[in-house]
Amino acid sequence: MRQNQTGLYFFLLTALAVILLIINVCAGSVQISPHEVLDILSRRPANPVSADIILQIRLPRTLAAAILGGGLSLSGYLLQTYFHNPIAGPFILGISSGAKLAVAGMMVAALRASIPIHSVMMIVAAFAGAMISMGFVLLISRVVDRISMLIVSGVMIGYICSAITDLIVTFADDSDIVNLHNWSKGSFSGISWENVAVMTVVIFAAFFCVLLLSKPIGAWQMGEAYARNMGVHVPLFRALLVVLSSVLSACVTAFAGPVSFVGIAVPHLIKGLFRTANPLRMIPACFLGGAIFCLACDLLARVLFAPTELGISTVTSIFGAPIVIHILIRRENARPS
């Protein structure tokens, strides 16, 4: 019975993701019918303006929203597994802000030196910033016992990184500020096919590595002592979780800027839907859930006040923040009085 339910849930998630992919490609300030989109994708004669909109703007943006949304959700799942806490996430712990700071500094330096900015450069800079922020979080976790203090410390790290990023933007050239401002709000716009190719390789390579860790993750969920008894090399396992979660969140920040609450809200919703902690189910389900969440939020960001476009973090915060509040209230009520 449970296997039938799991199969049904995966089918529904996949179908919803496909439906949202189609809607995102067709909908926008310029409406394009599904039939015309099919003609464009089939290379049949079509309106050249519509063809450019679909092939150069909407299709890469839609694929990026799905891929990066899945990667960000998976990053949150790994951090929640590492800290044994549903509130842990790349945005809350300041990891996304550290990646944002590093990418902002790299962009300003590259633009001033007239150096072309490539996808790999952005990912490397974002990963370096994410790892530095993660390093501070891990150091703090050795000092504080309560997870609430760790979360507060992560938020403070995020504020510090955001403040330094604002200083970089303040003293940047006017042309740099335009690029940084659009990126720092969080958006899937401006994604090229080269970006899609790079993010696909990085995200799915990390996804495959996470799948290989499914058995150690299952053991770790039962506690560190249990994992050791099951033969898990705990220091190596912890390092892999940190690196993989940082790679995933860094890739998202490099291409889309900071995207808030996805890494916390989606794993929580998926766990509530599947009612299991089995990593072999949770890993692909979290990826699908993150893709759906970001596709839906990006659609609203584009069409809600078209032609004005909202920042993606604005929409994800509206839907994600209440879920985080719900988690906090439920955990507080579950504590023995």
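Along each chain, numbering runs from 1 in the same order as the chain's sequence is written. Totals for whole chains, interfaces and linings use all residues, but because this is a predicted model, local features are given only for residues with pLDDT of at least 70 and pairs of side-chain atoms are given and counted only at 80 or more. For side-chain calculations, the full set of non-hydrogen atoms in the structure is used, while hydrogens and water are omitted.

*Asks:* Can you walk me through the nonpolar core in this structure?
*Replies:* One recurring pattern in soluble globular proteins is that nonpolar side chains are buried together. We define a nonpolar core as any set of buried Ala, Val, Leu, Ile, Met, Phe, Trp, Tyr and Cys residues linked to one another through side-chain atoms lying within 4.5 Å. Only protein chains enter the accessibility calculation, which uses a 1.4 Å probe; a residue is then buried when its area is under 20% of its type maximum, exposed when over 50%, and partly exposed in between. Core analysis: the largest hydrophobic core is formed by 91 residues, its most contacted members being F83 and I217. Formed by 10 residues, the second largest nonpolar core is a distinct cluster that contains V37, I53, I54 and L59.

*Asks:* For this particular structure, what's the right way to read the pattern of salt bridges?
*Replies:* Between side chains of opposite charge, a pair can form when the charged atoms approach closely. Salt bridges are defined by distance alone: a side-chain nitrogen of Lys or Arg within 4 Å of a carboxyl oxygen of Asp or Glu. Applying the stated criterion to the full structure yields five salt bridges. R302 is the salt-bridge partner of D298, the closest N and O atoms lying 3.9 Å from each other. Separated by four residues within a single helix, D298 and R302 lie in helix α13 (residues 279–303), roughly one turn from each other. Here the salt bridges do not stand alone but share partners, grouping R61, D298, R302 and E309 into one network. By the criteria applied, helices consist of DSSP H or I runs no shorter than four residues and strands consist of E runs no shorter than two, each listed in order from the N terminus.

*Asks:* It is not clear to me how a nonpolar patch on the surface should be interpreted in this structure. Could you clarify?
*Replies:* Each patch is built from salt-bridge-free residues with over 30% relative accessible area, joining like charges within 9 Å and nonpolar side chains (Val, Leu, Ile, Met, Phe, Trp, Tyr) within 5 Å. For the area figures, the Shrake-Rupley method with a 1.4 Å probe applies, and any residue is considered shielded solely by the protein chains shown. Nonpolar side chains collect at one region of the surface, where L8, F11 and L12 lie side by side and expose about 320 Å² of accessible area between them. Tracing the sequence through the fold places L12 in helix α1 (residues 2–26).

*Asks:* What should I look at first to understand unusual backbone geometry in this one?
*Replies:* Excluding glycine, a negative phi dihedral is what most residues carry, and trans is how most peptide bonds are arranged. Phi is positive for F261, close to 70 degrees, though the residue is something other than glycine. Within the secondary structure layout, F261 lies in the loop between α11 (234–256) and α12 (262–274).

*Asks:* I keep staring at the packing of helix α3 (residues 48–83) against helix α5 (residues 119–143) and nothing clicks. Help me out?
*Replies:* For any two helices packed against each other, one specifies the crossing angle of their axes together with the interaxial distance. Axis angles are defined between N-to-C directions and span 0 to 180 degrees, where every axis is a line fitted to C-alpha atoms and, for a helix, only to the segment in contact. At a closest axis distance of 13 Å, the pairing of α3 and α5 adopts a crossing angle of 20 degrees. With respect to α5, the axis of α3 lies roughly parallel. Considering the relative orientation of α3 and α5, their crossing is right-handed. Only M134, V137, L138 and S141 of α5 make contact with α3, whose side of the interface consists of L79, Y82 and F83. Split into classes, the residues belonging to the contact of α3 with α5 amount to six nonpolar, one polar and no charged. Angles are sorted into four bins: roughly parallel if under 35 degrees, roughly antiparallel if over 145, roughly perpendicular if 65 to 115, and oblique for all others. Left-handed is the label given to a crossing in which the near helix is rotated counterclockwise from the far helix by less than a right angle, and right-handed is the label when the rotation is clockwise. Any two residues whose heavy atoms approach within 4.5 Å are treated as being in contact. Only Asp, Glu, Lys and Arg are considered charged in this grouping, and only Ala, Val, Leu, Ile, Met, Phe, Trp, Tyr, Cys and Pro are considered nonpolar; every other residue, Gly among them, is considered polar.

*Asks:* Which parts of the structure should I look at to understand the environment of L21?
*Replies:* Relative to the elements of secondary structure, L21 occurs in helix α1. By relative accessible area, L21 is classed as partly exposed at 26%. Distance from L21 to L295, taken between C-alpha atoms, is 7.1 Å for residues 274 residues apart in sequence. If we skip the residues at most four places from it in the chain, L21 touches T62, A66 and L295.

*Asks:* What is the right way to read the packing of aromatic side chains from this model?
*Replies:* Two descriptors summarise a pair of aromatic rings, namely the distance from one centre to the other and the angle between the planes of the rings. Aromatic rings from Phe, Tyr and Trp, taking only the six-membered ring of Trp, are treated as a pair when their centres fall within 6.5 Å; an angle between ring planes under 30 degrees marks them as stacked, one over 60 as edge-to-face, and anything in between as tilted. In total, this model carries seven aromatic pairs according to the counting rule given. Where Y9 meets F274, the ring centres are 5.5 Å apart and the plane angle is 70 degrees; that geometry is what we call edge-to-face. With Y9 in helix α1 and F274 in helix α12, this pair connects stretches of sequence that are 265 residues apart. Look at Y9 and you get partly exposed, because its relative accessible area is 22%. When the centroid spacing of 5.6 Å and the interplanar angle of 50 degrees are considered together, the rings of W220 and F237 count as tilted. Highlighted residues: W220 in helix α9 (residues 214–220) and F237 in helix α11, separated in sequence by 17 residues.

*Asks:* Looking at this structure, how should I read the environment of F10?
*Replies:* With respect to the helices, strands and loops of the structure, F10 is situated in helix α1. In the structure, F10 is positioned 316 residues away from H326 in sequence and 25 Å away in space, judged by C-alpha atoms. Setting aside anything within four residues of it in sequence, one finds F10 in contact with F274, R281, P284, A285 and L288.

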